[in-house]
Amino acid sequence: MSNRKVRLAPSILSADFARLGEQIAEAEAAGADRIHIDVMDGHFVPNLTMGVPVVKSLRAVTELPLEVHLMITDPDLFVEAFADAGADTLIVHWEGNANLHRTIQRIKGLERRVGVALNPATPAKMLIEILCDIDLVLVMTVNPGFGHQKFIHNMIHKIARVRQMIDALPHNVDLELDGGIDSATAPLGVSAGGCVLVAGTSIFGTGEPIATAMDHLRSSFGG
């Protein structure tokens, strides 16, 4: 197992929205590193989820960094609104982006951290020309769009390839994993090089207190 510090990013996609502020506070008290917010538009992925008002309301109740995962068509139209709402990191997808470099530079111009997500079928080599410009790579370990999906084990090799690419850089880039992360799959992702784990169901959907669920997840990879 790697000695690299591994951080948890609870995903509110699986939270109880009637108790969202309370659950975010519980996750923060339990040592969450950041809060992961999935934004879906029903076009880029076959689902609809939260938007700018949710980010704005969360900004008012937590000091944790908010990372907004934009699974949407034409993210350029929305990055400024999410930045204004309080997002600290904006993650856009490599797929379907007309000019990814321009999008990255626009987010950097808003003085926000920028991440690039890769869907399962997108190879790691697609990062080569932009890796030096970003703060975070998000490897999707499920196909984006829905929670409660099974971890795609073929992604372990891709995670390892991205880790090699990041380690060759002169600066740090977070390697974040998203999809099907639980006590069985977290150790696999961490061993391959992941350093940030996005977890929804295994934190908010176990029926246990959030702190207990987070402790169980950490103990699985020795965190």
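Residues numbered from 1 in each chain as written. Predicted model: local features only at pLDDT ≥ 70, side-chain atom pairs only at ≥ 80, totals over all residues. Heavy atoms only, no water.

> Even after reading the chapter, I still don't get the pairing of strand β2 (residues 35–40), so can you show me in this structure?
Consecutive side chains along a regular strand alternate between the two faces of the sheet. Most of β2 sits out of view: 6 of its 6 residues are buried. On β2, burial covers both faces: I35, I37 and V39 on one face and H36, D38 and M40 on the other are all buried. Taken together, the 6 bridges between β2 and strand β3 (residues 66–71) define a ladder with parallel strand orientation. Counted as the bridge partner of D38 is H69 from β3. (Buried < 20%, exposed > 50% of the residue type's maximum accessible area, 1.4 Å probe, protein only. Helix = DSSP H or I, 4+ residues; strand = E, 2+ residues; numbered from the N terminus. Pairing = 2+ DSSP bridges.)

> Just to check I follow, could you spell out the sheet that holds strand β5 (residues 113–118) for this structure?
In sheet architecture, strand pairing relies on hydrogen bonds along the backbone and comes in two forms, parallel and antiparallel. With respect to topology, 8 strands assemble into an open sheet ordered β1-β8-β7-β6-β5-β4-β3-β2, the strand pairing being parallel. Strands with a single pairing partner mark the edges of an open sheet, and in this sheet they are β1 (7–10) and β2. Geometrically, the sheet is characterised by an average inter-axis angle of 25° between neighbouring strands, direction not taken into account. Sheet topology note: the β5/strand β6 (residues 136–140) ladder contains 4 bridges and is parallel. In the sheet register, L118 faces β6, and the bridge partner there is V139. Contacting β2 and β3, helix α2 (residues 52–59) crosses the sheet at an angle of about 170° to β3. (Axes fitted to C-alpha atoms, helices over the stretch in contact; angles between N-to-C directions. Contact = heavy atoms within 4.5 Å.)

> Explain helix α8 (residues 210–220) to me, please; I cannot follow it from the model alone.
Counting along an α-helix, one turn takes 3.6 residues, and residues three or four places apart therefore face a common direction. If you check which residues of α8 are buried, you get I210, A213, M214, L217 and R218. One face of α8 carries all of its buried residues, which in axial projection span an arc of 135°. In this fold, the buried residues of α8 make contact with β1, α1 (20–29), α6 (186–192), β8 (196–199) and α7 (201–204). Once α8 ends, the next one or two residues include G222, with phi positive near 75°. (Arc of directions from axis to C-beta.)

> Just to check I follow, could you spell out the pattern of salt bridges for this structure?
Working definition: two side chains of opposite charge can pair if their charged atoms are close together. Scanning the entire structure with this criterion turns up 12 salt bridges. Here R34 and E67 are joined by a salt bridge, their closest N and O atoms 3.3 Å apart. Of the two residues, R34 is situated in the loop between α1 and β2 and E67 in strand β3; the sequence distance between them amounts to 33 residues. Take R34: its relative accessible area is 5%, and that puts it in the buried class. Put simply, R34 and E176 hold a salt bridge, and the shortest N to O gap is 3.2 Å. With a gap of 142 residues between them, R34 in the loop between α1 and β2 and E176 in strand β7 (residues 174–178) connect regions that are remote in the sequence. (Salt bridge = Lys/Arg side-chain N within 4 Å of Asp/Glu carboxyl O.)

> How do you make sense of helix α4 (residues 100–109) when you look at a structure like this?
Along α4, the residues that are buried comprise L100, T103, I104 and I107. Along the axis of α4, the buried positions cluster into a sector of 100°, meaning they face one direction only. Structurally, α4 contributes buried residues whose contacts are with α3 (79–85), β4 (89–93) and β5. The positive-phi residue at the C-terminal boundary of α4 is E111, with phi of around 60°.

> Explain the side chain of T185 here, please?
Looking at the element boundaries, T185 is found in the loop between β7 and α6. By relative accessible area, which is 6% here, T185 ends up buried. A distance of 2.7 Å separates the side chain of T185 from the backbone oxygen of G180, its partner in a polar contact. Looking at T185, its side chain comes within polar contact range of the main-chain nitrogen of D182, at 2.9 Å. (Polar contact = N/O pair within 3.5 Å; in protein donor to acceptor, adjacent residues only side chain to side chain.)

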